[in-house]
Amino acid sequence: MGGAESDDDTETEAERLARIQWLYTLAVKRHGPQAKGVGWRDRRGQLLRFAQLVRVMEGEPAGAAVTVNDLGCGYGALFPFLLRLPHLRIAAYTGYDMTAAMVAAARAAVPDHRAEFIESDHATREADYGFASGTFNVLAGGDALEWTAAVIAHLRAFAAMNRRGMAFNMLSPDHPRPDRLMFYTRPEPFRAALEADGRDTTLLTGYLPGDWTLLVRW
């Protein structure tokens, strides 16, 4: 985004998030504003994931101006990708990250008046579309079932801050290079929760081994 455990060995969400925050702080300080600085293996994979996420905006009229929320924005790599989309105009972009070092890196890397970066683990402004790329991928020794429930809650809250749709990606259990720090899961529980809230979902797979993207519209 190890930490300490409470006396009864039950980790709180705050402790889990603090550990993830610490890991991301180390990553960005070591690698700087590049794909490895936010935990991706390489730039190619990062861009392939972005290309899936933005498909949620298909159907917007040519030249439409849209606003964007980017949850877990890292150093702001999604913003210049959005600017290169030929059929849309980004009127405003708000990136959120709970790691102060990431927010500082984003502000330095993206000096554009349309982009603002906020230190937060949740969206505080409404936008047309929301994105979360790799935001929930780190488990770092936590309980997978507890993290699944926490992620669903975060996604439901994020959905409420976006007027037209959102998209997010996660890692699959059949990932070819598993890492003990990462969270591997299937899309079904997240898809079911969002559809129960009246959202339409589209699952995308096959663009990268062990990775999936969910497009959510309403």
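For the structure, see preceding data.
Residues numbered from 1 in each chain as written. Predicted model: local features only at pLDDT ≥ 70, side-chain atom pairs only at ≥ 80, totals over all residues. Heavy atoms only, no water.

K.L.:
Can you break down the side chain of Thr-148 residue by residue, with the values?
P.N.:
Assignment of secondary structure puts Thr-148 in helix H5 (residues 144-159). Assessed through its relative accessible area of 15%, Thr-148 is described here as buried. Side-chain polar atoms of Thr-148 contact the backbone oxygen of Ala-144, separated by 2.9 Å. Not counting the four nearest positions on each side in its chain, Thr-148 is found in contact with Phe-183, Pro-189 and Phe-190. (Helix = DSSP H or I, 4+ residues; strand = E, 2+ residues; numbered from the N terminus. Buried < 20%, exposed > 50% of the residue type's maximum accessible area, 1.4 Å probe, protein only. Polar contact = N/O pair within 3.5 Å; in protein donor to acceptor, adjacent residues only side chain to side chain. Contact = heavy atoms within 4.5 Å.)

K.L.:
Which residues make up the packing of H5 against helix H6 (residues 188-196), and what are the values?
P.N.:
Between H5 and H6, whose axes approach to 10 Å, the crossing angle comes to 35°. Both H5 and H6 take part in a crossing whose hand is right-handed. Residues Thr-148, Val-151, Ile-152, Leu-155 and Arg-156 of H5 pack against Pro-189, Phe-190, Ala-193, Leu-194 and Ala-196 of H6. Tallied by class, the residues present in the contact of H5 with H6 amount to eight nonpolar, one polar and one charged. (Axes fitted to C-alpha atoms, helices over the stretch in contact; angles between N-to-C directions. Left-handed = near helix turned anticlockwise from the far one by under 90°. Nonpolar A, V, L, I, M, F, W, Y, C, P; charged D, E, K, R; others polar.)

K.L.:
Explain the environment of Trp-147 residue by residue, including any values.
P.N.:
Mapped onto the elements of the fold, Trp-147 is located in helix H5. Using a relative accessible area of 1% as the deciding quantity, one classes Trp-147 as buried.

K.L.:
Run through the sheet that holds strand S7 (residues 211-217), naming residues and quoting values.
P.N.:
With mixed pairing, seven strands are arranged side by side in an open sheet as S3-S2-S1-S4-S5-S7-S6. Single-partner strands in this sheet number two, and they are strand S3 (115-119) and strand S6 (200-204). Ignoring which end each strand starts from, the neighbouring axes of this sheet average 20° apart. Strands in contact with H6 are strand S5 (162-171), S6 and S7; relative to S6, the strand with the most contacts, it is inclined by about 160°. (Pairing = 2+ DSSP bridges.)

K.L.:
Help me get a handle on the pairing of S5, residues and values and all.
P.N.:
Judged by how many residues are buried, S5 sits mostly within the fold: eight of 10 residues are covered. Here six bridges tie strand S4 (residues 127-133) to S5, and the two strands are oriented parallel to one another. Bridge pairing links Ser-133 to Asn-169 in S5. Pairing between S5 and S7: seven bridges, direction antiparallel. Counted as the bridge partner of Gly-165 is Arg-217 from S7.

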